[in-house]
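Topology and contacts: notes
Read off the chains here:
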Amino acid sequence: MNILTFDIEEWFHCDFISDRNTWRGYESRIYASTNRILNLLDERQLKGTFFILGWVAEHYPEVVKTIHQRGHEIGCHSYYHDLAYRMSPEDFHTDTERALKTIEDVIGEKIVLYRAPGFSITEQIPWAFDVLLRLGVTIDCSVFPAQHDYGGFPDFGENGPARIQFRGMELKEFPMNTRILFGKNMVFSGGGFFRLFPYPLIRKWTCASGYTMSYFHPRDFDYEQPMLPQLSIIRKFKSYYGLKGAFGKFEKWVNDFNPISLLAADRQVNWEQTKVITLK
């Protein structure tokens, strides 16, 4: 099962500490970079799932409308791209509710899919799943099932779909997939890691994985994007390394693996046989 997903945000959303009051002053590059993705998917007759930032839906609604009109699934990626574990339950509810309403107003449909920025729903904030369920989300893609820069969820266990139960309610979870490299759990199917590793390794690891969750961003393929000056050296490397060759690797990956959308994957899962994770 190879799942095709995208996080639709601007190039300057690569930094979780940038001042949102400056965002409107930056050059917008999301139209061209998103259209490049959409054109390739049209050529290959593929459908994907696009997690939209609420801020993007408010300021660039035509981008969201175009994705939706071309037959792709729409999910929510928060409103302001803040890490979930840095918020209180009340703030997380407010942010998610605002994002959902903004995106729903653009496409005229209820949103039931969600991914937190930075896979930042951790074991320490199980209340986030309660918030999502109460706002009508039924499928989540926020779990990183290992240690992670932004917390992670090490007790999740093996990669693959699961049911999360909390306070008598149940949420379907499609986590990230990981691979042990040099003794550490790593991802390879999106973002900076996809740009870092050579394609033969990415292909080999995808072939060896029974479950792969991709997570691409328009900025991953935009090698002419500006560079945020305030980034640390490590963050600059993670955000800008390998941009020039990334789209070519992406083309090879979709050609080799013919990935499917999240809801198509949902229809293939026998949920009665998946593991259940009960949180308190």
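This text gives an overview of the structure that appears in the document. Keep in mind that this is a model prediction, so the values were computed, not measured.

**Regarding the pairing of strand β3 (residues 49-52)**
Here β3 shows no split at all, with T49 and F51 on one side and F50 and I52 on the other all buried. Where strand β2 (residues 5-8) meets β3, 4 bridges bridge the pair, whose relative direction is parallel. When the bridges of β3 are listed, F6 appears paired with F50. With helix α1 (residues 30-44) bridging β2 and the parallel β3, this β-α-β connection has right-handed handedness. Note that β3 and strand β4 (residues 73-76) share 4 bridges and pair parallel.

**Describing the side chain of D95**
The topology assignment puts D95 in helix α4 (residues 89-107). It turns out D95 is buried and unbridged, and the closest side chain with the opposite charge, R20, is 6.2 Å from it. Only 3.0 Å separates the side chain of D95 from the backbone nitrogen of Y79, close enough to count as a polar contact. A polar contact of 3.3 Å, which involves the side chain of D95, links it to the backbone nitrogen of Y80. Leaving out residues up to four positions away in the same chain, D95 has contacts with S78, Y79, Y80 and M87.

**Section: the layout of surface pockets**
Estimates place the volume of the largest pocket at around 700 Å³. What lines the largest pocket is a set of 34 residues, and nearest its centre among them are G192, F193, Y215, R235 and K238. Secondary-structure elements contributing two or more residues to the lining of the largest pocket are β7 (147-148), β12 (184-186), α6 (191-196) and α8 (233-240). By residue number, the principal contributor to the lining of the largest pocket is α6, which donates 5 residues. For the lining of the largest pocket, the residue count by class is 13 nonpolar, 11 polar and 10 charged.

Scoring rules and cut-offs
- In this convention, every chain numbers its residues from 1, walking through the sequence in written order.
- Where local features are concerned, this predicted model is filtered to residues with pLDDT of at least 70; where side-chain atom pairs are given and counted, the filter is 80 or more; whole-chain, interface and lining totals use all residues.
- Hydrogens and water are ignored here; the side-chain numbers use all heavy atoms of the structure.
- Here's how the labels work: a residue is buried when its accessible area is under 20% of the maximum for its type, exposed when over 50%, partly exposed in between, all with a 1.4 Å probe on protein chains only.
- In this text, helices come from DSSP runs of H or I with a minimum length of four residues, and strands from runs of E with a minimum of two, each type numbered from the N-terminal end.
- Here a strand pair is declared whenever DSSP counts at least two bridges between the two strands.
- Handedness of a crossover: with both strands directed away from the viewer, a clockwise path from the first strand across the helix to the second marks it as right-handed.
- Two residue types count as positive, namely Lys and Arg, and two as negative, namely Asp and Glu; His and chain ends fall outside the count.
- Only one rule defines a salt bridge in this text: a Lys or Arg side-chain nitrogen within 4 Å of an Asp or Glu carboxyl oxygen.
- For this analysis, a polar contact is any N or O atom pair within 3.5 Å, provided that within protein one partner can donate a hydrogen and the other can accept it, and provided that sequence-adjacent residues contribute only side-chain to side-chain pairs.
- In this description, contact between two residues means that some pair of their heavy atoms is separated by no more than 4.5 Å.
- Definitions used for this entry: grid spacing 1 Å over protein atoms alone; cavity, a set of points where a 1.4 Å probe fits but cannot get out; pocket, an open set with protein on both sides within 12 Å along at least 5 of 7 lines; lining residue, one with an atom within 4 Å of a point.
- Grid points are joined across faces, edges and corners, and a volume is the space filled by probe spheres set on the points.
- Under the scheme applied, nonpolar residues are Ala, Val, Leu, Ile, Met, Phe, Trp, Tyr, Cys and Pro; charged residues are Asp, Glu, Lys and Arg; polar residues are all the others, including Gly.

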